[in-house]
Amino acid sequence: MSKQLLLGQTLSFTGDPFQADWSEVTRTSSRGGVLVEGNRIAAVGEADDLRRAHPEADVTDYGNALITAGFVDAHMHYPQTGIIASWGKQLIDWLNTYTFAEETRFSDRAYADEVAGRTLDLAFAHGTTTLTSFCTIHPESVDAFFGAAAARNMAVIAGKTCMDRNAPDGLRDTAQSAYDDSKALLQKWHGKGRATYAITPRFSPTSTPEQLEALGALWGEYPDCPMQTHLSEQIPEIEWVRSLFPEARDYLDTYEKFGLLGPKGLYGHSIWLEERERARLAEVDASLIHCPTSNTFIGSGLFDLMGLASAGLRVGLATDTGGGSNFSMLHTMAAAYEIGQLRGVSVHPAQLMWLATEGSARALHMSGEIGHLGAGAMADITVLDLGSTPAIKQRTDRAEHLWDALFPTIMMGDDRAVRDVWIAGKRALR
Ligand code: GUN
Ligand code: ZN
């Protein structure tokens, strides 16, 4: 089996920095090493020790660049790559004006293939090694995404987006076809290579009760699959949900009622939660996915990251491309920091890095497999240049410790900060 030794600064986690003091659960080395055997990480330690113990390993020396677990994007829409940064609308108008028009194009398999490949290549360029994506209503769009990911040996989570109302012609399925198509795609892709199938009702306003019920039944048959959707993103959306489901106790209840609340549920945004919703999400151990650039770009609100993560809920971090305004998880961490500041809390860079790697993996129930720089994990690794632009470098040059050196890259970095990416033990960037 091939042995690779990556040398540089290293950052790994032994626990959750929202539950323990960050300093107790982070491991850093200014001259560390990561030993990769085949497609997995075999050891993380000091550079000199690993070199001595494994003289036969091929060495890649990254100097003082930072070796970290690859970033895990826990919620995005690959079909929206082409319409990222579309101006001037809030959620419902943004969906109707830009999103639905673009998603209609994914009945064309060749177009879906092209955008899927482009999106995955953009993800690598930005240091993201796992994407969790909504597709479109078209089964072809799912085949395109999983196919492109398999060609790159990338772990992805995705599913056919289901909508049978409040969407334009050409972008609606039915309760029955959503069930049948989702089931066929699940059977085709779930567990194949690095693919995970997620049952994917878009959100309550675009599904009839019959469709939600059918997808709840499907989840009941395949509880091992995640289920992804949107929850409480924007006030007018919540009011719309209330008018569509007058007997529901709250937004979450529109999922709960139909079997769409459970431990492998991934609830994107979850900004305006009521007390009952918070308590139920915690009780069933569901995952909340924070999409901070989207929340500021679409004008949705300020997610209670510190409150929810400190309470022990599973929280993942995500770009929500193309409602999110940037492909970079660095930029996404910066936005999470800024939203924290607007709520009066300062999220530590260790907490931001944990969220973008371990936290997202935990939200996806893939802890120890992805998002983890430690023995046994898949070797999905990102290497960051901490002085990638003159503006960042002049700040980092005066840094006295790793966090001081890393935070300017979190706040100001982009794809230029990504020195290298490894996927399943192989260099992916060049
Ligand atoms: N809610 C329902 N669909 C979407 C979407 O595509 N993006 C965002 N941000 N919110 C949604
Ligand atoms: Zn979304």
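Calculation rules
Residues numbered from 1 in each chain as written. Chains lettered and ligands numbered in written order. Predicted model: local features only at pLDDT ≥ 70, side-chain atom pairs only at ≥ 80, totals over all residues. Heavy atoms only, no water. Helix = DSSP H or I, 4+ residues; strand = E, 2+ residues; numbered from the N terminus. Rg over C-alpha atoms; globule rule 2.2 N^0.38 Å. Buried < 20%, exposed > 50% of the residue type's maximum accessible area, 1.4 Å probe, protein only. Contact = heavy atoms within 4.5 Å. Arc of directions from axis to C-beta. Near = heavy atom within 4 Å. Polar contact = N/O pair within 3.5 Å; in protein donor to acceptor, adjacent residues only side chain to side chain. Areas by Shrake-Rupley, 256 points an atom, 1.4 Å probe, with all protein chains shown as cover. 1 Å grid on protein atoms, 1.4 Å probe; cavity = no way out; pocket = protein on both sides within 12 Å on 5 of 7 lines; lining within 4 Å. Sits in = over half its atoms within 2 Å of the grid points. Donors = N, O, S within 2.8 Å, 3.2 Å for Na, K, Ca; no water. Tetrahedral: all angles 85-135°; square planar, octahedral: opposite > 155°, others 65-115°. Pairing = 2+ DSSP bridges. Axes fitted to C-alpha atoms, helices over the stretch in contact; angles between N-to-C directions. Parallel < 35°, antiparallel > 145°, perpendicular 65-115°, else oblique. Nonpolar A, V, L, I, M, F, W, Y, C, P; charged D, E, K, R; others polar.

## Regarding the overall build of the protein
Thinking step 1. Counting its regular elements, the protein contains 16 helices and 17 strands.
Thinking step 2. The C-alpha atoms of the protein give 21 Å as radius of gyration, which agrees with the globular expectation for 430 residues (22 Å, within 12%).
Thinking step 3. With the C-alpha coordinates of the protein rotated into their principal frame, the extents come out at 65 × 45 × 40 Å.
Thinking step 4. In the protein, which comprises 430 residues, the share counted as buried stands at 62%.
Thinking step 5. Counting contacts in the protein only where the partners sit at least 6 residues apart, residues at least 24 apart contribute 76% of the total.

## Overview of helix H8 (residues 235–244)
Every α-helix carries 3.6 residues per turn, so stepping three or four residues along brings you back to the same face.
Thinking step 1. The set of residues buried in H8 consists of Glu 237, Ile 238 and Val 241. Taken down its axis, H8 places every buried residue within 100° of arc, on the same side. In this structure, H8 carries Arg 242 and Ser 243 as exposed residues pointing more than 90 degrees from its buried face.
Thinking step 2. As for H8, its buried residues are in contact with helix H3 (91–103) and helix H9 (251–256).

## Some remarks on the site of ligand 1
Thinking step 1. Around ligand 1, 13 residues are found, and the nearest of them are His 77, Gln 80, Arg 202, Glu 233 and Asp 320.
Thinking step 2. At 2.8 Å, a side-chain N or O of Arg 202 approaches a nitrogen atom of ligand 1.
Thinking step 3. Here Glu 233 contributes a side-chain N or O atom positioned 2.7 Å from a nitrogen atom of ligand 1.
Thinking step 4. For ligand 1, the protein covers 100% of the area, taking 280 Å² as the surface of the free molecule.
Thinking step 5. Taken atom by atom, the bulk of ligand 1 overlaps the largest cavity.
Thinking step 6. Per element, the largest residue contribution to the shell around ligand 1 is three residues, and it comes from H3.

## Overview of the coordination of the zinc ion (ligand 2)
Thinking step 1. For the zinc ion (ligand 2), the full set of protein donor atoms is His 75 (NE2), His 77 (NE2), His 230 (NE2) and Asp 320 (OD), at a range of 2.0 to 2.5 Å.
Thinking step 2. Coordination at the zinc ion (ligand 2) comes from four donor atoms whose angles at the metal span 90 to 162°, giving a geometry best classed as irregular.
Thinking step 3. Counting the intervening residues between successive donors of the zinc ion (ligand 2) yields the motif H-x1-H-x152-H-x89-D. Taken together, the residues His 75 in strand S5 (residues 71–77) and His 230 in strand S11 (residues 227–231) connect sequence positions 155 residues apart.

## Considering the sheet that holds strand S7 (residues 156–159)
Thinking step 1. Reading across from one edge, S5-S6-S7-S9 is the order of the four strands in this open sheet, with parallel pairing throughout. The open sheet terminates on both sides in strands that have one partner only, identified here as S5 and strand S9 (195–197). In this sheet, neighbouring strand axes are inclined to one another by 20° on average, regardless of whether the strands run parallel or antiparallel.
Thinking step 2. Contacts between helix H13 (residues 329–342) and the sheet are confined to S5 and strand S6 (128–134), with S5 contributing the most and set at about 85° to the helix.

## Things to note about the environment of Arg 31
Thinking step 1. Here Arg 31 shows up in strand S2 (residues 26–37).
Thinking step 2. Expressed as a C-alpha distance, the spacing of Arg 31 and Gly 8, which sit 23 residues apart in the sequence, is 5.4 Å.
Thinking step 3. Apart from the residues within four sequence positions on either side, Arg 31 is in contact with Leu 7, Gly 8, Glu 46, Ala 47, Asp 61 and Gly 63.
Thinking step 4. A distance of 3.4 Å separates the side chain of Arg 31 from the backbone oxygen of Gly 63, its partner in a polar contact.

## A short note on the packing of H13 against helix H16 (residues 402–412)
Thinking step 1. Interaxial distance between H13 and H16 falls to 6 Å at its minimum, and their mutual angle equals 95°. In this view, H13 runs roughly perpendicular relative to H16, as classed from their interaxial angle. Judged by residue contacts, Leu 330, His 331, Met 333, Ala 334, Tyr 337 and Glu 338 of H13 engage Phe 407, Thr 409, Ile 410 and Met 411 from H16.
Thinking step 2. Residues that form the contact of H13 with H16 fall into these classes: seven nonpolar, two polar and one charged.

That is the geometry; function is a separate question.
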